[in-house]
Structures are given as structure tokens and as C-alpha cells.
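Each chain, letter by letter, is given below.
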Amino acid sequence: MDIALPEREDEEQKPKTLPWALPKILIYGGSSVEIILYETFKQMGLKDECLIPSTYNIFGFKSSSTRSMGEVTMEIRVGKILTLTTFCVIDMISPYTTIFGRFWVQGIKGVASTYHQSLRFPTPDGITEIIGDLGEEKYCYNMDEQNELVKIGTLLRIKEEEKLVQVLNEYSDVFAWKMKDFPGIDPGVCWHNLKINPKYKPMRQRMRKVAPEYHEAIQNELNKMESSGVIREVQYPIWISNMVIVLKNNGGARICVEFSDLNKACPKDNFPLPNIDQLVEATSGYGLLSLMDEYSGYNQIPLAEEDQENTAFFTPRGLYCYTKISLGLKMLVRHTIEWWKRCLITGYIRP
């Protein structure tokens, strides 16, 4: 499959654009638009001046809403079939270089088979078949499913970039790509205790109903949290709270819990916030500063076993409690800030 910019009558004096043969092309009948990655666009030697501005977003791509950088029309040659196809240019990370949707497949009168990993379409010489590479397909699927991709700074020197990429590849197994990959923190190092005042009477909030359209998203989130050990099922708790559903942009749901009654029974912690100037000064003398995101950092700090059942909350399928710290609990910020303040100031992070 060759891709080239179309020739125009007013550009006869310019050298003819050479075609590009692109690997890792996804033919997806569920897509209503043809997509080319911005990284691929730049590797083809094209400039942003070739883009036609577009004002719409693409929904469902990578489970989110994505703004198109613009459109570009190119010639697609498959065998003896030549078509003019308009691509949306998307700036995001993907194992694929290009995605062809159902309109392109219909344009060449093709029939795609996911089971056979092939595409058939008529040509003047008869029926032509394109067979996908099963090895590349499996690799792209795994990369897209796991999303094991890392962005690095664009202003790095060439040698620094090469060393950084080498280190990331060498130690890729230490990164947690999913919640179930979290090893958690050893309770001997850090753990959280609620310190509930025994004078307070345990409260069981009245169960609130959840709209049926949220049930599927709630089930998926509960399965993910339970499989990763963040929550567990519980029976006969004395404290029960209601969950609050916060919808994400990708259609999923974030489960929060209203711990207002429980927090009233917990003492207020007066641990001071860190001195920003002191933390900044602690980073002086270091060659590089990592801004890696602490994904679900709170969910890695264990909760004291005797306090776990006190964090119980209602769900459509039963009662669950947290085994790790949850957002909304009192004294939560203290343990996180104190730990990182100790790391920066006392030298746990070495040059």
C-alpha cells in the first residue's frame, strides 16, 4: 500500500512527490474516519502548511475525545486501485501509523475479515487479497491494550535522549502499567491508621439508589479495584457510607465514598504543609528532574487491618471496604506529604 500527495496542475514545476510505504496500518470497520498519526505525518517529511484546519473532535478514539490537528488529502494506491482519501491528523501515541475506516473500505468495494486478517477487493485483473501480518498484529494489539508507552522531553540532547531511552527499555519491567501491577508499600515502612474516637457512635448511612445506566461502569470499576486488592468484600460492618459516582471523560466511572460521618470521629491532624522553598532547594545539584506521575499513589499505602471494615460502602452488588488508603479520609494528606518530604530532605533520593 503506497501513500502520496496528489499532484496539482499548478505544481508541475515542483519535483514529484515520492510515495511512502507505511507499516502497521490498521483497517478498522468501526471507524467512521481515516486517521494518520502526527508522528507519521512528520516522518513523511510533510509540513503543517499541508494541513487544512478542522473544527471537530473525534470521539471514541483511545476511549476519549481527541481534537484533530487538521486534515490532509492523499493518494492511496493498493495494487491498481487509486483513491483520494482525506485523513484526520491526530497527535497522540499509538502503535499504528495509520487507521483506515469503513468509508475507505467501501470506496474500494472491499470486504474485510477480522477472523482471517485479510481484505479482499475487486480490480481490473480480478479479486485481490491483502493478508495481514499476524506477528505485527499481535504486537500492535498488545501495545495498544497495555498502553506501555512513555513520553520523554523534546528538548533533550541526542546523547541524553539515547541514554534515557536505553534506561527506560532496560528497566521497563519496574513500571506499573495497570492497577494490578502495583506491589504496594510494605506495612513495615508505611501504613495508615484512622484513630477513630470510641466515644462516637458508628453511623450507617441510608443507602442511596444509583441510576441503572451507571451500573455497567460501576461493575467494571469494582472489578478492577477488587482484582488489584484495593477493596474487598465485607459483611456486618458497623460503619457504612455511600459511594459517589464521578463520570470520566472516556465514559468510565470513578468511585468515591462520602466519609463525612467517619471523618467526624477521626482526630484532625495538624501536620504542616511542606515548605516549598525548602523542597526546591533540596533538588539543587541534580542533573535531571523526573516528573513521572504517581499513578494511583494513594491506593498503594496500606490501611490498618483493624480499620479496613470501617471504610465499608454500599454498591449495587454488596458491601465493600478499602484495604488501601482512599481519597476522602482524614489525615490522608499527612502520610503522603510526610513520606515524600522525608525522601527529598533526608536523602532517600540519590543523585
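About the thresholds
Residues numbered from 1 in each chain as written. Predicted model: local features only at pLDDT ≥ 70, side-chain atom pairs only at ≥ 80, totals over all residues. Heavy atoms only, no water. Salt bridge = Lys/Arg side-chain N within 4 Å of Asp/Glu carboxyl O. Buried < 20%, exposed > 50% of the residue type's maximum accessible area, 1.4 Å probe, protein only. pLDDT = per-residue confidence, 0-100. Contact = heavy atoms within 4.5 Å. Phe/Tyr/Trp six-rings, centres within 6.5 Å; stacked < 30°, edge-to-face > 60°. Helix = DSSP H or I, 4+ residues; strand = E, 2+ residues; numbered from the N terminus. Pairing = 2+ DSSP bridges. Core = buried A, V, L, I, M, F, W, Y, C linked by side-chain atoms within 4.5 Å.

Undergrad: I'd love a proper account of the pattern of salt bridges, names of residues and values included.
TA: This model, assessed by the stated rule, comprises 6 salt bridges. Its salt-bridge partner being Asp48, residue Lys42 comes within 4.0 Å of it at the nearest N-O pair. Here Arg157 and Glu160 are joined by a salt bridge, their closest N and O atoms 3.2 Å apart. By relative accessible area, which is 59% here, Arg157 ends up exposed.

Undergrad: Lay out the confidence of the model for the chain in plain terms, naming residues and giving numbers.
TA: For the chain, mean pLDDT is 77; residues scoring 70 or higher make up 75% of the total. Between residues 9–18, whose pLDDT stays under 50, and residues either more than four places distant or in other chains, the model counts 5 contacts. Confidence drops under pLDDT 50 across residues 345–351; counting only partners more than four residues distant or on other chains, this segment forms 12 contacts.

Undergrad: Any chance you could break down the packing of aromatic side chains for me, citing the residues and the numbers?
TA: If you walk through the whole model with that rule in mind, you get 4 aromatic pairs. Ring centres of Phe87 and Phe100 lie 5.5 Å apart, and the angle between their planes is 75 degrees; this geometry places the pair in the edge-to-face category. Of this pair, Phe87 sits in strand 8 (residues 81–90) while Phe100 sits in strand 9 (residues 98–100), and the two are 13 residues apart along the sequence. Comparing Phe87 with Phe100 shows no difference in burial state: the two are buried.

Undergrad: An account of the pairing of strand 8 is requested, with residue identities and associated values reported.
TA: Here strand 8 lies mainly inside the structure; 7 of its 10 residues are buried. Pairing analysis gives 4 bridges linking strand 4 (residues 34–37) to strand 8, with the strands arranged parallel. Following the sheet pairing, Glu34 is matched in strand 8 by Phe87. The turn joining strand 7 (residues 70–78) and strand 8, which pair antiparallel and follow one another in sequence, is formed by 2 residues; a positive phi near 65 degrees is taken by Gly79.

Undergrad: Describe the nonpolar core, with residues and values.
TA: With 20 residues, the main nonpolar core has Phe41, Val72, Met74, Phe87, Val89 and Trp104 as its most contacted residues. Counting residues per element, the ones that place at least two in this core are helix 1 (38–43), strand 7, strand 8, helix 2 (102–107) and strand 11 (118–123). Among the elements that line this core, the one with the most residues is strand 7, at 4 residues. Counting residues in each nonpolar core, the second largest holds 19 residues, with Ile231, Leu303, Tyr320 and Leu329 among its members.

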